Structures are given as C-alpha cells and as structure tokens.
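The primary structure of each chain is shown beneath.
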Amino acid sequence: MKKLSAALLLLATTAYAQPYDNSMTEDAIKKRIAPIGAVYFEGDKAAVAEVPTGPRTGEQVYQGACFACHGTGALGAPKSADDWAPRLAKGADTLLSHAINGFNAMPPRGTCMDCSDDEISAAIDFMSKK
C-alpha cells in the first residue's frame, strides 16, 4: 500500500508541476506566423499615405531631419542663434553650400535626401533664428 500511495503521490506531483505552455496554443501560433504586411497588385487599392502638395516649411524640415543633431548640439551642430553667428558671417551662399554638400561632421543635405534646395534654405533660416 505504501508503494501505491508513493506512486500516486509522485504521479500527482509530476502532473501538477508541469507548467502550461501558453506559447503553444493555437491562437499564439497564429499570431506568431501572421503576415507583417500586405502585397497590392496593380488595380488594387492600397492605403496611401498623404503626400505633401508643396514645399515643406523650414520648421517641418527641421523637425523631420535636422532636430536630431541641431536640437541636441550633437557633433558640434549649432543649436542657438549664438552658435549660428560665425557660420552666418561666412555668407548665406557658403552656408547653403555646406548644408547641401555636407561639411565636417554634417552629411550632405543633413540626411534629408528628398529635401529641395529651397527647403534646406528654409530650414537654415528657421534654425538660425531660434
């Protein structure tokens, strides 16, 4: 009788101690293997992001592409009007050329590859007056 009781106790403890694995449920598996995107063929209507109809303002360019460096001063990027003064003293054409072609630690177009020259100029005007 002792052996039977011990065996039942061992069996009950083993069955109880096994944790339930939620990652193997059918819903969890479906969620893991679900597609992350969709493919649209010609003629299908896809959700289209709103495309700007005109040039962006200097503030929009600054917020989208310039803030990471010019908002924090990373790698010596000018943040305030005082920081901009020596750069503005070199002339607007030189400053615009540096912004478009890159200069020192600043990459060409400040990584805003879809910005026009006018948008870059507007961003410079916005930043230098902050």
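An unreviewed UniProt entry annotates the protein chain as C-type cytochrome originating from Pseudoalteromonas rhizosphaerae.

Draft legend 1. Representation of the environment of Ile 100 within the structure. Positionally, Ile 100 belongs in helix H5 (residues 92-101). Classification of Ile 100 as buried rests on a relative accessible area of 17%. Taking C-alpha positions, Ile 100 is 9.1 Å from Ser 121, a pair spaced 21 residues apart along the chain. Excluding residues that lie within four positions of it along the chain, Ile 100 makes contacts with Pro 108, Arg 109, Asp 117 and Ile 120.

Draft legend 2. How the structure looks around the nonpolar core. In terms of nonpolar packing, the biggest core is built from 13 residues, with Cys 66, Ile 120, Ile 124 and Met 127 touching the most fellow members. The greatest single-element share of this core, amounting to four residues, is contributed by helix H6 (residues 117-128). Apart from the residues lying within four places of it in its own chain, the contact partners of Cys 66 are Val 61, Gly 71, Ala 123 and Met 127.

Draft legend 3. Molecular detail of the packing of aromatic side chains. Overall, the coordinates contain two aromatic pairs when judged by the stated rule. Between Tyr 62 and Phe 67, the aromatic rings sit 5.8 Å apart at their centres with planes inclined by 90 degrees, giving edge-to-face as the arrangement. By relative accessible area, Tyr 62 is classed as buried at 2%. Plain terms: the ring middles of Tyr 62 and Phe 126 are 5.3 Å apart, the flat faces sit at 50 degrees to each other, and that makes the pair tilted. Of this pair, Tyr 62 sits in helix H3 (residues 58-70) while Phe 126 sits in helix H6, and the two are 64 residues apart along the sequence. What makes Phe 126 partly exposed here is its relative accessible area of 26%.

Draft legend 4. A look at the state of the cysteines. Using the criterion set out here, one finds one disulfide in the structure. In this model Cys 112 forms its disulfide with Cys 115; the gap between the sulfur atoms is 1.8 Å. The sign of the 70 degrees torsion about the S-S bond sets the Cys 112-Cys 115 disulfide as right-handed. Of the residues examined, Cys 112 reaches a relative accessible area of 7% and is grouped as buried.

Draft legend 5. Structural detail: the packing of H3 against H6. Their axes nearest at 9 Å, the elements H3 and H6 cross at an angle of 70 degrees. Considered as vectors, H3 and H6 are oriented roughly perpendicular to each other. Relative to H6, H3 is oriented so that their crossing is right-handed. Seen from H3, the contacting residues are Gly 58, Glu 59, Val 61, Tyr 62, Cys 66 and His 70; seen from H6, they are Glu 119, Ala 122, Ala 123, Phe 126 and Met 127. Of the residues in the contact of H3 with H6, the class split is seven nonpolar, two polar and two charged.

Rules and cut-offs
- Residues numbered from 1 in each chain as written.
- Predicted model: local features only at pLDDT ≥ 70, side-chain atom pairs only at ≥ 80, totals over all residues.
- Heavy atoms only, no water.
- Helix = DSSP H or I, 4+ residues; strand = E, 2+ residues; numbered from the N terminus.
- Buried < 20%, exposed > 50% of the residue type's maximum accessible area, 1.4 Å probe, protein only.
- Contact = heavy atoms within 4.5 Å.
- Core = buried A, V, L, I, M, F, W, Y, C linked by side-chain atoms within 4.5 Å.
- Phe/Tyr/Trp six-rings, centres within 6.5 Å; stacked < 30°, edge-to-face > 60°.
- Disulfide = S-S within 2.5 Å.
- Axes fitted to C-alpha atoms, helices over the stretch in contact; angles between N-to-C directions.
- Parallel < 35°, antiparallel > 145°, perpendicular 65-115°, else oblique.
- Left-handed = near helix turned anticlockwise from the far one by under 90°.
- Nonpolar A, V, L, I, M, F, W, Y, C, P; charged D, E, K, R; others polar.

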